Amino acid sequence: MRQIDGHTRLCGLIGNPVEHTMSPVIHNTLAEKEGRNLVYVPFHVEHGQLGRAVEGAYALNILGLNVTVPYKEEVTGCLKAVDGMAAQIGAVNTLVRTDGGYKGYNTDMMGLYRAMCSEGIRLEGEEIILLGAGGAARAVAFLCASKQAAKVYLLNRTPEKAWQVAEEVNRASGRECIVPMRTRDHGKIPADRKYLAIQATSVGLYPHVEDVVIGDVGFYQKIHTGFDLIYRPSETKFMSLVRAEGGQAFHGLKMLLYQGVIAYELWNGITVPEEDALAVYGRMKGEMGI
Ligand code: NAP
């Protein structure tokens, strides 16, 4: 049992719901490993109460907060400042205490990038297939463009959303990097090479574990590496189809790990040693039973 005293700093998560979050495992394990007097707890924030929650957290001297569904966009209106990449993406998942209010960051995307680097996956110069055009896919598209991906085929069921994300990212990056498509047109992607495919839709998420956006085996023959942002289940149908065609496949748990590690680093002004991050990852896998 950790000692809580007059010097204990508090961090937490605001969202709705927050009951199934893994974030306390990440931050409380890091604090324990480092011997830091910090405690992390989830806060369930009712609809319509976000502004009061952020203001109240600041008044209570809370050091930092994570923000989850459904508040990642709305919270930008409650902040003193927003980091450049988070402003571009239009979503904030981490609040860092500064003079006069919180500053917002998006560590989801930094976390995805760190997770990919740790698995030896490159974005620079790559041709990529990105599935989805929701909040997460939009952020991945910005990340791919900013890391100089050669080309990103962005596939979505609702075509208007794919075209809108492509237009925004291409305008911001100053080059025609994102190529929007309807998901059902995936056969038009040239088959003369293999691609990194990033699965950023919510299809296949527990308990709908047999669902997949594209069921056609031919699609998976074009993929050398598949990265699914989903981590429940730890092997999605998308991942098993990639593997069945000889590709390597990863789930999103390391992305979750590193978004937390980066938030912790921002709150405490430190760099977390890789061995500590991996120890946290071990605990997360234990929680998942994998
Ligand atoms: P979102 O904004 O709701 O977007 C959902 C996306 O999935 C859209 O592109 C949507 O297509 C597509 N979709 C939903 N149902 C579909 C169906 N039946 N058939 C085809 N496409 C369908 O969600 P999000 O915030 O981007 O999150 C997407 C996923 O990323 C979630 O599973 C989330 O858990 C995961 N995620 C993981 C992490 C991590 O740390 N590992 C972080 C963030 C997000 P339409 O536009 O056509 O509706």
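**Description of the side chain of histidine 27**
- Following the sequence through the fold, histidine 27 ends up in helix H1 (residues 23–34).
- Among the residues examined, histidine 27 registers a relative accessible area of 0% and is labelled buried.
- One polar contact links histidine 27 to asparagine 66, side chain to side chain, over a distance of 3.3 Å.
- Those residues in contact with histidine 27 that lie beyond four places of it in its chain are Tyr40, Asn66, Gly260, Ala263, Tyr264 and Trp267.

**Observations concerning the sheet that holds strand E1 (residues 9–15)**
- With mixed pairing, six strands are arranged side by side in an open sheet as E2-E1-E3-E5-E6-E4. Looking along the sheet, the strands with just one partner apiece sit at the ends: strand E2 (38–44) and strand E4 (81–82).
- Note that E1 and E2 share seven bridges and pair parallel. Of the residues in E2, the one forming a bridge with isoleucine 14 is phenylalanine 43.
- Strands E1, E2, strand E3 (64–67), strand E5 (94–98) and strand E6 (101–105) of the sheet are contacted by helix H9 (residues 253–268), whose axis makes an angle of about 5 degrees with E5.

**Description of the sheet that holds strand E7 (residues 127–131)**
- Overall, parallel pairing links the six strands, which are arranged E9-E8-E7-E10-E11-E12 in an open sheet. At either margin of the open sheet sits one strand with a lone partner, and together these are strand E9 (178–182) and strand E12 (248–250). Put simply, the sheet's adjacent strands are angled 20 degrees from each other on average, direction ignored.
- Where E7 and strand E8 (residues 151–156) come together, five bridges link them in parallel fashion. Bridge pairing in E8 places isoleucine 129 opposite tyrosine 153.

**Re the site of the ligand**
- Taken together, 20 residues lie near the ligand, and Ala136, Asn156, Arg157, Thr158 and Lys161 sit nearest.
- Contacts to the ligand include arginine 157, whose side-chain N or O atom sits 2.8 Å from an oxygen atom.
- Glycine 252 has a polar backbone atom sitting 3.1 Å from a nitrogen atom of the ligand.
- Those elements that provide at least two residues to the shell around the ligand are helix H5 (135–146) and H9.
- Here the shell around the ligand is built from residues that sort into ten nonpolar, eight polar and two charged.

**Description of the nonpolar core**
- Of all hydrophobic cores here, the largest spans 63 residues; its most connected members are Leu112, Leu123, Leu130, Ile198 and Met284.
- Per element, the largest residue contribution to this core is nine residues, and it comes from H9.
- Once residues lying within four places of it in the same chain are set aside, the contact partners of leucine 112 are Val140, Leu143, Phe227, Leu229 and Met255.
- Counting 17 residues, the second largest nonpolar core, distinct from the first, contains Phe219, Leu241, Val242 and Ala249.

**Description of the pairing of E3**
- Covered by surrounding structure in E3 are Gly64 and Asn66 together with Leu65 and Val67, the residues of both alternating faces.
- As paired elements, E1 and E3 share four bridges and run parallel to each other. The residue of E3 that forms the bridge with leucine 13 is asparagine 66.
- Summarising the sheet, E3 and E5 pair through three bridges and their orientation is antiparallel. From the neighbouring strand, asparagine 66 faces E5, where its bridge partner is threonine 94.

**Notes on the pattern of salt bridges**
- On inspection of all chains with the given rule, the structure shows eleven salt bridges.
- In this structure, the salt-bridge partner of glutamate 210 is lysine 237, at a minimum N-O distance of 3.5 Å. Linking glutamate 210 in the loop between strand E10 (195–199) and helix H7 (217–220) with lysine 237 in helix H8 (residues 237–244), this pair joins segments that are 27 residues apart in sequence.

**Quick word on the state of the cysteines**
- According to the stated counting rule, one finds zero disulfides in the structure shown.
- Free of any disulfide, cysteine 11 has its nearest cysteine sulfur in cysteine 78, 18 Å distant.
- Cysteine 144 provides the cysteine sulfur closest to cysteine 117, a residue in no disulfide bond, and the two sulfurs are 12 Å apart.

Parameters at a glance
Residues numbered from 1 in each chain as written. Predicted model: local features only at pLDDT ≥ 70, side-chain atom pairs only at ≥ 80, totals over all residues. Heavy atoms only, no water. Helix = DSSP H or I, 4+ residues; strand = E, 2+ residues; numbered from the N terminus. Buried < 20%, exposed > 50% of the residue type's maximum accessible area, 1.4 Å probe, protein only. Polar contact = N/O pair within 3.5 Å; in protein donor to acceptor, adjacent residues only side chain to side chain. Contact = heavy atoms within 4.5 Å. Pairing = 2+ DSSP bridges. Axes fitted to C-alpha atoms, helices over the stretch in contact; angles between N-to-C directions. Near = heavy atom within 4 Å. Nonpolar A, V, L, I, M, F, W, Y, C, P; charged D, E, K, R; others polar. Core = buried A, V, L, I, M, F, W, Y, C linked by side-chain atoms within 4.5 Å. Salt bridge = Lys/Arg side-chain N within 4 Å of Asp/Glu carboxyl O. Disulfide = S-S within 2.5 Å.

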